[in-house]
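In case you want the letters, here they are:
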Amino acid sequence: MNDKEQKKIYRKIKSRNISIDHACEVGVYLPQTSNIIDFIKEGTRASLVEADPKTVSILEDYFKKYYVTIFPVAVWSSSGTVRLSRAAASTFISELKSSPAIVNDKYKVDIDNSFEVKCVVFSEIDKGDIDLLIVDIEGGEWHVINHLTSRPKVISVETHGKYYTNPFIKEITQWMSDNQYSLWFKDASDTVFMKNELGKSSLSDQLETSLSEAKIRWKKFKQVFKKK
């Protein structure tokens with residue numbers, strides 16, 4: 001993700017004057033790739049969830065002067081331990097059958113390039129006061145959404161990218177509808193939802209979403225064509 005895409009959600013939230021007192025990001029990777037780094041730097045309370053111990057220490061050092069709590073765990077459908085396949089920014093829970101690394105990069109799960117970490121159900125972390133939630137855990141996003149205690153004002157979920165479509169997109173979309181969220185906008189990899197009470201997406205947001213969806217359809221069409 002480039003810097004422009006990374007800062008987009010910050011700019012859009014500010015443009016709507018949506019107040020964010022607690023921002024949470026699940027699946028951070030490095031500090032510079034955090035989607036809530038601008039909120040953190042202006043003093044917003046933040047929770048960062050990152051399972052890879054190689055990057056946790058980097059996050060702890062970088063954000064030690066800020067109002068940040070780091071949870072060095074994976075989020076899954078149950079508590080205990082889980083195995084992750086290391087693929088840099090695309091590291092994913094090995095049990096998943098579909099992830100961006102698998103679909104887009106043809107990654108092959110290899111026990112020698114995996115590691116075991118503690119995992120929790122998200123409700124063990126979520127105390128009910130999250131205003132902004134960003135989830136990018138390479139195919140496991142539904143396991144966060146399904147165990148939300150909070151009802152954030154804004155939720156961003158990685159749902160697509162190149163040939164990849166989130167395997168739980170139907171469940172995620174239905175949950176959003178059931179809990180009074182509407183699609184705000186889509187970008188190259190994420191779908192952003194906001195509470196219905198905050199209003200509707202603007203014409204420019206709708207156009208951005210339409211363009212994103214058109215690009216997704218085109219890439220999938222090319223993939224089908226290549227297979228023939």
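Residues numbered from 1 in each chain as written. Predicted model: local features only at pLDDT ≥ 70, side-chain atom pairs only at ≥ 80, totals over all residues. Heavy atoms only, no water.

1. Remarks on the sheet that holds strand 2 (residues 45-49)
As a reminder of what qualifies: Whether two strands pair depends on DSSP finding at least two bridges between them. Under the DSSP-based scheme used, a helix requires at least four consecutive residues in state H or I and a strand at least two consecutive residues in state E, with every element numbered from the N terminus. With axes taken as lines fitted to C-alpha atoms, and helix axes fitted only over the stretch in contact, angles between N-to-C directions fall between 0 and 180 degrees. Whether two residues are in contact is decided by their heavy atoms, any of which lying within 4.5 Å being enough.
With respect to topology, seven strands assemble into an open sheet ordered 3-2-1-8-9-13-12, the strand pairing being mixed. Where the open sheet ends on each side, the last strands, each with one partner, are strand 3 (68-71) and strand 12 (181-186). Across the sheet, the axes of successive neighbouring strands diverge by a mean angle of 15°, strand direction being ignored. Summarising the sheet, strand 1 (residues 22-26) and strand 2 pair through five bridges and their orientation is parallel. Paired with Ala23 across the bridge in strand 2 is Ala46. Packed onto the sheet, helix 6 (residues 169-178) meets strand 9 (154-158), strand 12 and strand 13 (190-195) and runs at close to 170° relative to strand 9.

2. Here's the deal with the sheet that holds strand 4 (residues 74-75)
With respect to topology, four strands assemble into an open sheet ordered 4-7-5-6, the strand pairing being mixed. For this open sheet the edge positions go to strand 4 and strand 6 (92-93), each flanked by a neighbour on one side alone. Here six bridges tie strand 5 (residues 80-85) to strand 7 (residues 114-120), and the two strands are oriented antiparallel to one another. Residue pairing across strands places Val82 opposite Val117, the latter belonging to strand 7.

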